[in-house]
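Below are the chains, spelled out letter by letter.
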Amino acid sequence: PRTVTPNYINAAKHWFLGQNLYDGSGKGFIYLPQAALFYSLLAYLPFTLSEIIWRAISLGFFCFSFFYLCKVLFPTKQNVLFFVFTMVSLLVSFDSARNGQFNLILSSLMMLACSEIGLKKFTLAAFFLALGFVLKPTMIVLLLLLGAI
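So, here is what we can say about the structure in this document.

1. Digging into the overall build of the chain
When helices and strands are tallied, the chain shows eight helices and zero strands. Of the regular secondary structure in the chain, the N- to C-terminal order runs α-α-α-α-α-α-α-α. Here the C-alpha radius of gyration of the chain, 16 Å, is about what a compact globule of 149 residues would show, namely 15 Å. Overall, the chain is about 50 × 35 × 25 Å in size when its C-alpha atoms are taken along their principal axes.

2. Re the packing of aromatic side chains
A full pass over the atoms with the stated rule returns 18 aromatic pairs. Three or more aromatic residues link up through ring pairs in this structure, and these residues are Tyr 8, Tyr 22, Phe 29, Tyr 31, Phe 38, Tyr 39, Trp 54 and Phe 102.

3. Digging into the side chain of Ser 89
Examined against the element boundaries, Ser 89 turns out to sit in helix α4 (residues 78-92). Within the structure, Ser 89 has its side chain in polar contact with the backbone oxygen of Thr 86 (distance 3.1 Å). What Ser 89 contacts, discounting residues up to four positions off in sequence, is Phe 62 and Phe 66.

4. Re helix α2 (residues 33-43)
Think of an α-helix as turning once every 3.6 residues; residues three or four places apart then point the same way. When we look at burial in α2, the residues that qualify are Ala 35, Ala 36, Tyr 39, Ser 40, Leu 42 and Ala 43. End-on, the buried residues of α2 take up no more than an arc of 165°, which puts them together on one face. Elements that come into contact with the buried residues of α2 comprise α1 (5-17), α3 (47-73) and α7 (122-135).

5. Concerning the side chain of Gln 78
In this structure, Gln 78 sits in helix α4. Excluding anything up to four places from it in sequence, Gln 78 contacts Phe 67, Cys 70 and Lys 71.

6. Some details on the packing of α3 against helix α6 (residues 103-118)
α6 packs onto α3 with a crossing angle of 20° between their chain directions and a minimal axis gap of 8 Å. Classified by the interaxial angle, the pair formed by α3 and α6 is roughly parallel. Read as a crossing pair, α3 and α6 show a hand that is left-handed. Here Trp 54, Ile 57, Ser 58, Leu 59, Phe 61, Phe 62, Phe 64, Ser 65, Phe 66, Tyr 68, Leu 69 and Val 72 of α3 lie close against α6, whose contacting residues are Leu 104, Ile 105, Ser 107, Ser 108, Leu 109, Met 111, Leu 112, Ser 115 and Glu 116. Class assignment of the residues belonging to the contact of α3 with α6 gives a composition of 15 nonpolar, five polar and one charged.

7. Side note on α4
Spanning 15 residues, α4 covers 21 Å between terminal C-alpha atoms, matching the ideal 21 Å at 1.5 Å per step. Check the buried side of α4 and you find it contacts α3.

8. Concerning the pattern of salt bridges
What the rule picks out here adds up to one salt bridge. A salt bridge links Glu 51 to Arg 55; its shortest N-O distance comes to 3.1 Å. Here the residue Glu 51 and the residue Arg 55 both occupy positions in helix α3, the gap between them amounting to four residues, near one helical turn. For the pair shown, Glu 51 and Arg 55 are each scored as buried.

Reading the values: rules and limits
- Residues numbered from 1 in each chain as written.
- Predicted model: local features only at pLDDT ≥ 70, side-chain atom pairs only at ≥ 80, totals over all residues.
- Heavy atoms only, no water.
- Helix = DSSP H or I, 4+ residues; strand = E, 2+ residues; numbered from the N terminus.
- Rg over C-alpha atoms; globule rule 2.2 N^0.38 Å.
- Phe/Tyr/Trp six-rings, centres within 6.5 Å; stacked < 30°, edge-to-face > 60°.
- Polar contact = N/O pair within 3.5 Å; in protein donor to acceptor, adjacent residues only side chain to side chain.
- Contact = heavy atoms within 4.5 Å.
- Buried < 20%, exposed > 50% of the residue type's maximum accessible area, 1.4 Å probe, protein only.
- Arc of directions from axis to C-beta.
- Axes fitted to C-alpha atoms, helices over the stretch in contact; angles between N-to-C directions.
- Parallel < 35°, antiparallel > 145°, perpendicular 65-115°, else oblique.
- Left-handed = near helix turned anticlockwise from the far one by under 90°.
- Nonpolar A, V, L, I, M, F, W, Y, C, P; charged D, E, K, R; others polar.
- Expected span 1.5 Å × (residues − 1).
- Salt bridge = Lys/Arg side-chain N within 4 Å of Asp/Glu carboxyl O.

See below:
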């Protein structure tokens, strides 16, 4: 099966056992330690159930953040644009959803942060950016870009 969630499950379980999260090979769990805690609520569920819940959370959060972004950017046409944007983006993000990667949640946090910046709600935007960085350090690119702007 094509899934990375066993890496998240193992890291979360190792966290609670006080064991090393990393094997030193550069493979497996390669995120910050706090990301293991994010997945910890699902780590002790049966594997299939945790896979289904994780993908439902990822896709649901992704769709919600698109809806919010459309509401902020296009308040009079939000429903039509939400449908179009979501259909197009789900097609190109299918691999991330299938593999269970943090990418959908990271993209969602990016959309929410940019939406909040557009509304001049900087504290909430900073929260979304920080949470994204904790989950996947590649969020640093958007953090630095927004800082430069």
